[in-house]
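Each chain, letter by letter, is given below.
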Amino acid sequence: MHTVQYLEGSTDWSHMSPRQVRQKLMDAGSIVSFRRVLVGWNLPLELLDACRQACDTLGASMFLWHPLLTGDGDWQPHPSWRVVGGGGEPVASHEQKSLSK
């Protein structure tokens, strides 16, 4: 069962119409079989609705993907919340230059 990520929420989507958003997702579904779609945060409601329509047609579940532990440019998590990598050091978050605590 495949999952796809669609429409990252930090991007300006003003150039995309709901019809285009729905069609691109439908086109992808005709090429790759997927059962889950992760949509980005801060999307206009009309684009979310277009994704929901496509997911309903494709028989896929739709979930909100939000970079909760890394921030998104508008919001930054407290440094103590950072994800810790395999080496025991915090990993960089959105626009963060240093990996130090």
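Refer to the structure printed above.
Right, let's walk through the structure included here. Note that the structure is a prediction, hence the values are computed from the model and not measured.

## A closer look at helix α1 (residues 18–31)
Taking 1.5 Å per residue as the helical rise, α1 with its 14 residues ought to reach 20 Å, and the 20 Å between its terminal C-alpha atoms agrees with that figure. Among all positions in α1, only V21, L25 and M26 are buried. End-on view of α1: buried residues confined to an arc of 130°, all on one side of the axis. Among the exposed residues of α1, those oriented more than 90 degrees off its buried face are R19, S30 and I31. Looking at the buried positions of α1, the neighbouring elements they touch are β1 (3–6), β2 (36–39) and α2 (45–58).

## Examining the state of the cysteines
Per the stated rule, a full pass over the model turns up 0 disulfides. This cysteine, C51, is not joined by any disulfide, and C55 carries the nearest cysteine sulfur, 6.5 Å off.

Rules behind the numbers
- Residues numbered from 1 in each chain as written.
- Predicted model: local features only at pLDDT ≥ 70, side-chain atom pairs only at ≥ 80, totals over all residues.
- Heavy atoms only, no water.
- Helix = DSSP H or I, 4+ residues; strand = E, 2+ residues; numbered from the N terminus.
- Expected span 1.5 Å × (residues − 1).
- Buried < 20%, exposed > 50% of the residue type's maximum accessible area, 1.4 Å probe, protein only.
- Arc of directions from axis to C-beta.
- Contact = heavy atoms within 4.5 Å.
- Disulfide = S-S within 2.5 Å.

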